[in-house]
Each structure stands twice: as C-alpha cells, then as structure tokens.
Amino acid sequence: MRVLGVDPGLTRCGVGVVEGVAGRPLTMLGVGVVRTPADADTGHRLVAVERGIEEWLDEHRPELVAVERVFSQHNVRTVMGTAQASAVAMLCASRRGIPVALHTPSEVKAAVTGSGRADKAQVGAMVTRLLRLDAPPKPADAADALALAICHIWRAPATNRLQQAVAAHHARKGHPA
C-alpha cells in the first residue's frame, strides 16, 4: 500500500509518502513541505497548497491519502487555516478518486510511539527509526506527514476488518450497510 500523509497547514503543509504493509518494514518514497508566504491572501495560499499536493499526487501516485483530522484549538485563526488546507488535500485526492482517511493527532502518536501524548521529538525519532532514516525529517510537519502515512498503513487492516464485520452484520439483518 502506498500512502500520502498530509499534515495540513497554510504556512507549512507537511507531505510524505510511505509504502508497505503492516508487519513488514516500511519504505519512505518522499518527504517534504508545501510552503506558502504568511503575508499572501488566503485564496492564493490555498491555490499554492493545491498545486503542491497535486504535484505530490502526480509524482507518487498514492493508493490512499491520510490527512490529520483537524481538532479544536484555542487559536481559531490557526485552526481555520489548518481546516482549509485539510479540505484542499481531501479535495485533490477525491477529485482523482483516491480514498481519504482522517486520523487524529493522538491516534497517530499512539500508533507510531505507543503514546497518544508523545511530543514532536518522540514522533520524529520513531519515524526515523521505523523508516530507517539517517536523521529525523525537518521540519516537524514533514515527520508528522510520514507518521500519518505509517499510522494508516498499520491501522488499515484492522479498520477494514471492522468495516467488513459491520457490513456482514447488516447483510444478515437485511439492513443496508
């Protein structure tokens, strides 16, 4: 499975591609950040994020895009930009028929480090170790994007089994899934 992880943001949108299956060593195929100038208007910044994500989709052809689920923060301005960048990533993938999965920051941290309260340094260190890299990807947004992809690859088999069980249950009961 090839997954593009997206850590959404208007100033720095982390992107990373990981390939592999649960239980086997994973391979990083690319990592980076789509940057936009903080002084540009929001519309232009969103177009820049779209162009950047489209380039990653063209180059790496992922089977799925994993995006960080936006959670409530005290800084409304920050959460709005994050939500807008997240929507752009989901739109780019959906336009191409690529499935999108959303994962919360605590799900990603727990999957990668074993603790949903891990800090950015711990996530970076585990991403480095899991992907056998020489150093943690910089900035942290890039490491977080790889962590999202890893999280999805590891969680997908269990999620698929749950979805299949629910569908089978509904089929037995004569209800649509």
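Everything that follows concerns the structure shown earlier in this document.
Residues numbered from 1 in each chain as written. Predicted model: local features only at pLDDT ≥ 70, side-chain atom pairs only at ≥ 80, totals over all residues. Heavy atoms only, no water.

Notes on the pairing of strand 1 (residues 2-7)
Convention followed: Accessible area is worked out with a 1.4 Å probe on protein chains only. A residue is then buried under 20% of its type maximum, exposed over 50%, and partly exposed in between. Think of it this way: any DSSP run of H or I at least four residues long counts as a helix, any run of E at least two long counts as a strand, and we number them from the N terminus. Only strands that DSSP links by at least two bridges are regarded as paired with each other.
With 5 of its 6 residues buried, strand 1 lies for the most part within the structure. Bridge count between strand 1 and strand 2 (residues 12-19): 6 bridges; the pairing is antiparallel. The residue of strand 2 that forms the bridge with Val 6 is Val 15. Remark: 4 residues form the turn of the hairpin made by strand 1 and strand 2, two consecutive strands paired antiparallel. In this structure, strand 1 lies alongside strand 4 (residues 64-68), joined through 4 bridges in parallel fashion. Note on strand 4: the bridge partner recorded for Val 6 is Val 67.

Looking at the sheet that holds strand 5 (residues 100-103)
Keep this limit in mind: Throughout, an axis means a line fitted to C-alpha atoms (over the contacting stretch in the case of helices), and angles, computed between N-to-C directions, take values from 0 to 180 degrees.
Strand order in the open sheet formed by 5 strands is 3-2-1-4-5, with mixed pairing between adjacent strands. Edge positions in the open sheet fall to strand 3 (27-35) and strand 5, since each of these has one partner strand only. When the angles between neighbouring strand axes are averaged without regard to direction, this sheet yields 20°. Pairing analysis gives 8 bridges linking strand 2 to strand 3, with the strands arranged antiparallel. Within the sheet, the bridge partner assigned to Cys 13 lies in strand 3 and is Val 34.

Comments concerning unusual backbone geometry
Look at the link from Lys 138 to Pro 139: it is a cis peptide, with omega at -10°. Inspection of the secondary structure assignment puts Pro 139 in the loop between helix 4 (120-130) and helix 5 (140-173). Even without glycine at this site, Arg 61 takes up a positive phi of about 45°. Looking at where Arg 61 falls in the secondary structure, it is placed in the loop between helix 1 (42-60) and strand 4. In this structure Arg 61 comes out as exposed when scored by relative accessible area, which is 55%.

Examining the environment of Leu 64
Here Leu 64 lies in strand 4. On the basis of relative accessible area, Leu 64 is assigned to the buried category, the value being 10%. Separated by 88 residues in the primary sequence, Leu 64 and His 152 have C-alpha atoms spaced 9.1 Å apart.

Quick look at helix 1
Filter applied, for reference: To estimate the expected span of a helix, count its residues, drop one, and scale the result by 1.5 Å. Residue contacts follow a heavy-atom distance rule, with two residues in contact if any of their heavy atoms lie within 4.5 Å.
Helix length check: helix 1 (19 residues) gives 27 Å between terminal C-alpha atoms against 27 Å at 1.5 Å per residue, within 8%. The secondary structure elements touched by the buried residues of helix 1 are strand 1, strand 2, strand 3, strand 4 and helix 2 (76-95). Positioned one or two residues after helix 1, Arg 61 has a phi angle of 45°, which is positive.

Some words on the nonpolar core
What counts here: The criterion is simple. A nonpolar core is a set of buried Ala, Val, Leu, Ile, Met, Phe, Trp, Tyr and Cys residues joined through side-chain atoms within 4.5 Å.
If you look at the biggest cluster of nonpolar residues, it comprises 20 residues, and the most contacted ones within it are Val 18, Val 112, Val 127, Leu 131 and Ile 150. When residues of this core are traced back to their parent elements, those giving at least two are strand 4, helix 3 (105-113), helix 4 and helix 5. Here the element with the most residues in this core is helix 5; it accounts for 7 residues. Other than its neighbours up to four places away in sequence, Val 127 contacts Val 112, Leu 133, Pro 137, Ala 143, Leu 146, Ala 147 and Ile 150. If you look at the next biggest cluster of nonpolar residues, it comprises 19 residues, including Leu 4, Val 34, Leu 57 and Cys 92.

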